[in-house]
Each structure stands twice: as C-alpha cells, then as structure tokens.
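In case you want the letters, here they are:
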Amino acid sequence: MTAARETRQAPTRATLDKAADENFPVAPFFLPRAWRDDLMALYGYARLVDDIGDGDLAPGGADARRLGVAPDAAGDPLALLDAFEADLRRVFDPARTPRHPLLRALRPTVRRRSLTPGPFLGLIAANRQDQLVRRYETWDDLVAYCELSANTVGRTVLEITGTTSPERIRRSDAVCTALQIVEHLQDVAEDLARDRVYLPAEDLDRFRVTESDLAAPTANASVRALIAYEAQRARDLLDEGTALVGSVHGRLRLLLAGFVGGGRAALAAIAAAGHDVLPGPPKAAKAHVLRETGVVLRRARREG
C-alpha cells in the first residue's frame, strides 16, 4: 500500500478502530463473516455520524472534503450533517455513488439486507438535535432522544440478522435505550464541556444538583445519588430487554448477550467508582464484560 493511500484511509480506519472502546462487542469473531462485515459497516456509519455531531472528526478535514463541504464550513456540524445526509441518500440510489468510503462500504449491506433509509436518517436527526437541544426536561424527553440515537441502530441489527419481530423490537429498544443512558452517565463531564446535559432537569431538581456540581472535579453526595438513581433506571431497562437474548439462538444469542453484558459491566464499573463519574468515564475490564455476558446467557437459558 502506498503512503498516499494509507493517508487517505487513515481517517476511515480511525473511525472503525473506535469499536474497541465501546461498552459492548460490535462484531465479534464468532459471528459469520457476512454478519461481521455488515455490523462493521453499520458501526462505521453510526460512529461517523456521531463524530460529526460531537465535533470528533479526525483532524485535517478529510471527512469534510469527502462529503464535498467547503473548507469554511468544515467546522459546522449542521453543514456536515446536511452533506452526510445527501451522501447517505446516494447509498439508496443505484444510479449514484456515495462520496464517503464508509458510506460506500454501507451500500452492499443495504442491498444485501434490503434496508430502508428510515433508521439511518433517524440517527442523523438525533445528531442534528444535539446541535439544537442542550438540556432535557424529563426522563420521557431523554427516552425520546434515545429512540432516534440508539434504538434505530438496534433495530437495524435485527434487520441485518433477519430476526425482526414486534416483541424483539420492543426488547431491543429497552436494551439500546439503556446502553445510551449508560454512555451518558459515563460521559457527564465530557458532555458538560460541550454544553450538553443528558440528565433530566427534573431529576437534577429532585436531587438538588446544579450544573456547577457537575462541573466539579469529583462528585458530591447529591451527584452520586443522582447517578445511582439513573443507573438503576438503565439497569431496569437492561433487565426488561434481557428476554431478547433468550428469544434467539446460536451465535446471535452470544452477540446480544454481549450487548446486555457490556451494559451491565459498565454499570458495575460506575458503581465501583462510588457513582463518581466526574473524574472520567468508569470503564469495565474485558474480563468483567465476559463474566456479565455469562450471567446474561445463564439467565436466558433459564427463562427461555
């Protein structure tokens, strides 16, 4: 591979490499190759659109250039999201070719699995919302955001694996909302630095927590109590969704157990930190993720 080609591919690799930092396994080795390819294509899409919304694109402006965004707008997330949506629509148009390599990689998955644009557009809508909505008044408001930002991805996983049903969608939504809430809990300090708070305002009031408290180096007792409360809500959602694992079989059961187990392990890491998430995101070791995945599998066998 030439140095020039390596330079062109570096931002794409950097995006896909972030899969190793997620709370759950994205496309583990034990899955069929076709599933792994499709899940990584989905991950590349989801990670890139989130990076656009969070301002976390690789330095140098390569992604903006690929999307045809003028240099003077390369730092504008809304302009980038508009260009990204236009490129996404090329994925679903056989007469056109997407500009961005991660969207070109998505096209075979879309065709192979007969996917529709709706869930992909939902994730773009969530990232547009991030540019305009910085606070959430109620838990229901936050859950509605998760419907766009996380649940759409889970539903697409079901489509890719050919296991969609109304009950599985309901359970998947519970798991995906829980995983999104867990990520918000881990990233309280990072989100606040971006002027975003994903803790419901009604809950901040209930626990007498101010945004100044969230900006402190370490959490006081009120913040810890608030985080524990939201963590329990996420745990309840994971428990509600665990029946999804028992409703499928084989390697797919292992994959979905990994999603739930990863969420459980992340919540355990938050608890082990005394629910003090302000110094940095509490992360679970891979060994703990594996143990929690085993717990989920045993429960699924008992209840299946």
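1. What about a negative patch on the surface?
On the surface, a cluster of negative charge is made up of Glu-137, Asp-140, Asp-141, Glu-202 and Asp-205. Contributions of two or more residues to the negative patch are made by α7 (139–160) and α10 (201–206). Structurally, Glu-202 can be placed in helix α10.

2. Thoughts on the layout of surface pockets
Approximately 1,100 Å³ is the volume found for the largest pocket. Around the largest pocket sit 46 residues that line it, and Glu-22, Phe-24, Arg-47, Asp-50 and Glu-183 are the ones nearest its centre. Going through the elements one at a time, α2 (33–54), α6 (118–132), α7, α8 (166–186), α9 (188–193) and α14 (250–272) are the ones with two or more residues in the lining of the largest pocket. Taken together, the residues that form the lining of the largest pocket break down as 22 nonpolar, 8 polar and 16 charged. For the second largest pocket, the calculated volume is near 550 Å³. Lining the second largest pocket are 21 residues, with Glu-22, Phe-24, Pro-25, Lys-286 and Val-289 positioned closest to its centre. Those elements giving two or more residues to the lining of the second largest pocket turn out to be α14 and α15 (286–303). For the lining of the second largest pocket, the leading source of residues is α15, giving 4 residues.

3. Regarding the environment of Ile-124
Within the secondary structure layout, Ile-124 lies in helix α6. Taking the C-alpha atoms as reference points, Ile-124 and Asp-82, 42 residues apart in sequence, are found 8.8 Å from one another. Here Ile-124 is in contact with Tyr-45, Val-49, Leu-81, Phe-84, Glu-85 and Leu-88, once residues within four sequence places are set aside.

4. What to know about the side chain of Arg-171
Secondary-structure assignment places Arg-171 in helix α8. A distance of 2.9 Å separates a polar atom in the side chain of Arg-171 from a polar atom in the side chain of Glu-167. Setting aside its immediate chain neighbours within four residues, Arg-171 contacts Glu-240, Gly-241, Ala-243 and Leu-244.

5. Here we look at empty space enclosed by the protein
The final tally for this structure, using the stated rule, is 2 cavities of 30 Å³ or more. In this structure, the largest cavity occupies an estimated 50 Å³ of space. Surrounding the largest cavity, His-184, Val-188, Asp-191, Leu-192, Arg-196, Val-197, Tyr-198, Leu-199 and Leu-214 form its lining. Element by element, the count of residues in the lining of the largest cavity is highest for α9, at 3 residues. Looking at the lining of the largest cavity residue by residue, the classes come out as 6 nonpolar, 1 polar and 2 charged. Of the voids in this model, the second largest cavity is the one considered here, and its volume is about 30 Å³. Taken together, Leu-42, Tyr-45, Pro-119, Phe-120, Leu-123, Thr-152, Val-153 and Thr-156 make up the lining of the second largest cavity. Breaking the lining of the second largest cavity down by element, the ones donating at least two residues are α2, α6 and α7.

6. What about the packing of aromatic side chains?
Each pair of aromatic rings is reported with the distance of its centres and the angle of its planes. Tallied over the entire structure, the rule returns 8 aromatic pairs. Seen in terms of ring centroids, Tyr-45 and Phe-84 are 5.2 Å apart; in terms of plane orientation they differ by 35°. Their pairing is tilted. Note that Tyr-45 is positioned in helix α2 and Phe-84 in helix α4 (residues 77–91), a separation of 39 residues in sequence. An angle of 90° between the planes, with centres 5.1 Å apart, marks the rings of Tyr-45 and Phe-120 as edge-to-face. Taken together, the residues span a long stretch of sequence, with Tyr-45 in helix α2 and Phe-120 in helix α6 at a distance of 75 residues. Neither Tyr-45 nor Phe-120 differs from the other in exposure class; each is buried. Feature note: the residues Tyr-45, Phe-84, Phe-92 and Phe-120 constitute an aromatic cluster, connected by ring pairs. Here the guanidinium or amino end of Arg-206 rests over the ring plane of Tyr-229, the centre of that ring lying 4.6 Å away. For the cation-ring pair, Arg-233 lies above Trp-139, with the distance from its terminal atom to the ring centre recorded as 4.2 Å.

What counts and what doesn't
- Residues numbered from 1 in each chain as written.
- Predicted model: local features only at pLDDT ≥ 70, side-chain atom pairs only at ≥ 80, totals over all residues.
- Heavy atoms only, no water.
- Patch = residues over 30% accessible without salt bridge, like charges linked within 9 Å, V, L, I, M, F, W, Y side chains within 5 Å.
- Areas by Shrake-Rupley, 256 points an atom, 1.4 Å probe, with all protein chains shown as cover.
- Salt bridge = Lys/Arg side-chain N within 4 Å of Asp/Glu carboxyl O.
- Lys, Arg positive; Asp, Glu negative; His and termini not counted.
- Charge placed at Lys NZ, Arg CZ, Asp CG, Glu CD.
- Helix = DSSP H or I, 4+ residues; strand = E, 2+ residues; numbered from the N terminus.
- 1 Å grid on protein atoms, 1.4 Å probe; cavity = no way out; pocket = protein on both sides within 12 Å on 5 of 7 lines; lining within 4 Å.
- Points joined across faces, edges and corners; volume = space filled by probe spheres on them.
- Nonpolar A, V, L, I, M, F, W, Y, C, P; charged D, E, K, R; others polar.
- Contact = heavy atoms within 4.5 Å.
- Polar contact = N/O pair within 3.5 Å; in protein donor to acceptor, adjacent residues only side chain to side chain.
- Phe/Tyr/Trp six-rings, centres within 6.5 Å; stacked < 30°, edge-to-face > 60°.
- Buried < 20%, exposed > 50% of the residue type's maximum accessible area, 1.4 Å probe, protein only.
- Lys NZ or Arg CZ within 6 Å of the ring centre and 35° of its normal.

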